[in-house]
Amino acid sequence: MSAPGIEIKLTLNGELILAHVWQEDRLLDFLRYERGLTGTKEGCGEGECGACTVLLDGVPVNSCINPAWQARDRSVETVEAVPEGELTSLLESGATQCGACTPGVVMTGWWVRRNRDLVDTHDLRELMAGNLCRCTGYDGIIEGLEAWLEAAQSDDQDSGGGV
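For every chain, the first residue of the written sequence is number 1, and numbering continues from 1 along that sequence. Given that this is a predicted model, residues contribute local features only at a pLDDT of at least 70 and side-chain atom pairs are listed and counted only at 80 or more, while totals for whole chains, interfaces and linings are drawn from all residues. Working from all heavy atoms in the structure, the side-chain values ignore hydrogens and water.

Peer 1: Looking at this structure, I do not really get the overall build of the protein. What am I missing?
Peer 2: Each helix is a run of H or I in the DSSP string that is no shorter than four residues. Each strand is a run of E no shorter than two, and both are numbered from the N terminus. A tally of helices and strands in the protein yields 6 helices and 5 strands. Going from the N terminus to the C terminus, the protein shows its helices and strands as β-β-α-β-β-β-α-α-α-α-α. All radius of gyration figures rest on C-alpha atoms, and the globule criterion is 2.2 Å times the number of residues raised to 0.38. Computed over C-alpha atoms, the radius of gyration of the protein comes to 16 Å, within 12% of the 15 Å expected from 2.2 N^0.38 for 163 residues, which places it in the range of a compact globule. Principal axes of the C-alpha set define a box for the protein whose edges measure 55 × 40 × 25 Å. Here the protein, with 163 residues, has 43% of them falling under the buried criterion. The cut-offs for exposure are 20% and 50% of the maximum accessible area for each residue type, with area from a 1.4 Å probe on protein chains only; residues under the lower value are buried, those over the upper are exposed, and the others partly exposed.

This is the structure in structure tokens:
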């Protein structure tokens, strides 16, 4: 007998998994309650604040408004996939205070880091516009992201590679 719901196969933080979801399940709830990945936060539940940002096939999406079944045969990355050492610049700049927006900021920043050519055509504040923060006034976040990108570029040049 098969499990109820919709069967989905996806790559979650680099691991191929098979799961069953209901049509109405949000990706956010699947990640938090079915997979135990509680780093992804719910802020507004309406796709406005960015606290729930994850990468779907490498692109930032609001997991609170995306059905879990849309992850079928796709790749999902959550904040748990970002190596802890990558976050030093954000921590040192004061980009994190209450922590509500931090996972979304990290995931959007991770996307920008992997697509650094975006900063040639877009302002960093513009790229981060989908992430709302009530605490920092954004200066600490932008300073931390700029330092993160600079450090990543230096690391890539030292190792002769990219992300």
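Peer 1: Looking at this structure, I do not really get the pattern of salt bridges. What am I missing?
Peer 2: A side chain of one charge can pair with a side chain of the opposite charge if their charged atoms are brought near each other. Salt-bridge detection follows one rule: a side-chain nitrogen of Lys or Arg within 4 Å of a carboxyl oxygen of Asp or Glu. Enumeration according to the criterion identifies 6 salt bridges in this entry. The shortest N-O distance in the salt bridge between arginine 26 and glutamate 42 comes to 2.9 Å. With arginine 26 in the loop between strand E2 (15-21) and helix H1 (27-34) and glutamate 42 in the loop between H1 and strand E3 (53-56), this pair connects stretches of sequence that are 16 residues apart. Salt-bridge contacts for arginine 114 lead to glutamate 77; the nearest nitrogen and oxygen are separated by 2.7 Å.

Peer 1: What is the right way to look at the environment of leucine 127 in this model?
Peer 2: Note on placement: leucine 127 falls in helix H5 (residues 124-127). Residue contacts are counted whenever heavy atoms from the two residues lie within 4.5 Å of one another. Setting aside anything within four residues of it in sequence, one finds leucine 127 in contact with Thr108, Trp111, Val112, Leu118, Val119 and His122.

Peer 1: Explain the packing of aromatic side chains here, please?
Peer 2: Two aromatic rings, taken as a pair, are described by how far apart their centres are and by the angle between their planes. Aromatic pairs are defined between Phe, Tyr and Trp rings, using the six-membered ring for Trp, whenever the two ring centres lie within 6.5 Å; interplanar angles under 30 degrees are classed as stacked, those over 60 as edge-to-face, and all others as tilted. One pass over the structure, following the stated rule, counts 1 aromatic pair. Here tryptophan 110 and tryptophan 148 contribute two aromatic rings whose centre-to-centre distance is 6.1 Å and whose plane-to-plane angle is 20°, an arrangement assigned as stacked. Taken together, the residues span a long stretch of sequence, with tryptophan 110 in helix H3 (residues 102-114) and tryptophan 148 in helix H6 (residues 139-159) at a distance of 38 residues. Tryptophan 110 sits in the buried class, given a relative accessible area of 7%. For tryptophan 148, a relative accessible area of 3% puts it in the buried group.

Peer 1: Hey, could you run me through the pairing of E3 in this one?
Peer 2: A regular strand places its side chains so that they alternate between the two faces of the sheet. Taking every second residue as pointing to the same face, both faces of E3 are buried, with Thr53 and Leu55 on one and Val54 and Leu56 on the other. Of the pairings in the sheet, the one linking E3 to strand E4 (residues 59-62) comprises 4 bridges and is antiparallel in character. Bridge pairing in E4 places threonine 53 opposite asparagine 62. Note on pairing: two strands pair once DSSP finds at least 2 bridges between them. Remark: 2 residues form the turn of the hairpin made by E3 and E4, two consecutive strands paired antiparallel; aspartate 57 in that turn has positive phi of roughly 55°. Sheet topology note: the E3/strand E5 (residues 75-77) ladder contains 2 bridges and is antiparallel.

Peer 1: In this structure, what is going on with the environment of histidine 122? I would like to understand it.
Peer 2: Tracing the sequence through the fold places histidine 122 in the loop between helix H4 (118-121) and H5. Counted as a polar contact is a pair of N or O atoms within 3.5 Å, where, for protein atoms, one must be capable of donating a hydrogen and the other of accepting one, and residues adjacent in sequence contribute only when both atoms are in side chains. A polar contact of 2.8 Å, which involves the side chain of histidine 122, links it to the side chain of threonine 121.

Peer 1: Help me out: how do you make sense of the environment of arginine 116 in this one?
Peer 2: Its place among the elements puts arginine 116 in the loop between H3 and H4. By relative accessible area, which is 22% here, arginine 116 ends up partly exposed. Distance from arginine 116 to alanine 152, taken between C-alpha atoms, is 9.8 Å for residues 36 residues apart in sequence.

Peer 1: Just checking my understanding: could you explain the side chain of arginine 32 for this structure?
Peer 2: Among the secondary structure elements, arginine 32 is positioned in helix H1. We treat Lys and Arg as the positive residues and Asp and Glu as the negative residues; His and chain ends play no part in the count. Buried within the structure, arginine 32 lacks any salt-bridge partner; its nearest side chain of opposite charge belongs to aspartate 29, at an N-O separation of 6.2 Å. Of note is the side chain of arginine 32, whose polar atom sits 2.7 Å from the backbone oxygen of threonine 38. From its side chain, arginine 32 meets the backbone oxygen of threonine 40 in a polar contact 2.7 Å long. When neighbours within four sequence positions are excluded, arginine 32 is seen to be in contact with Leu37, Thr38, Thr40 and Lys41.

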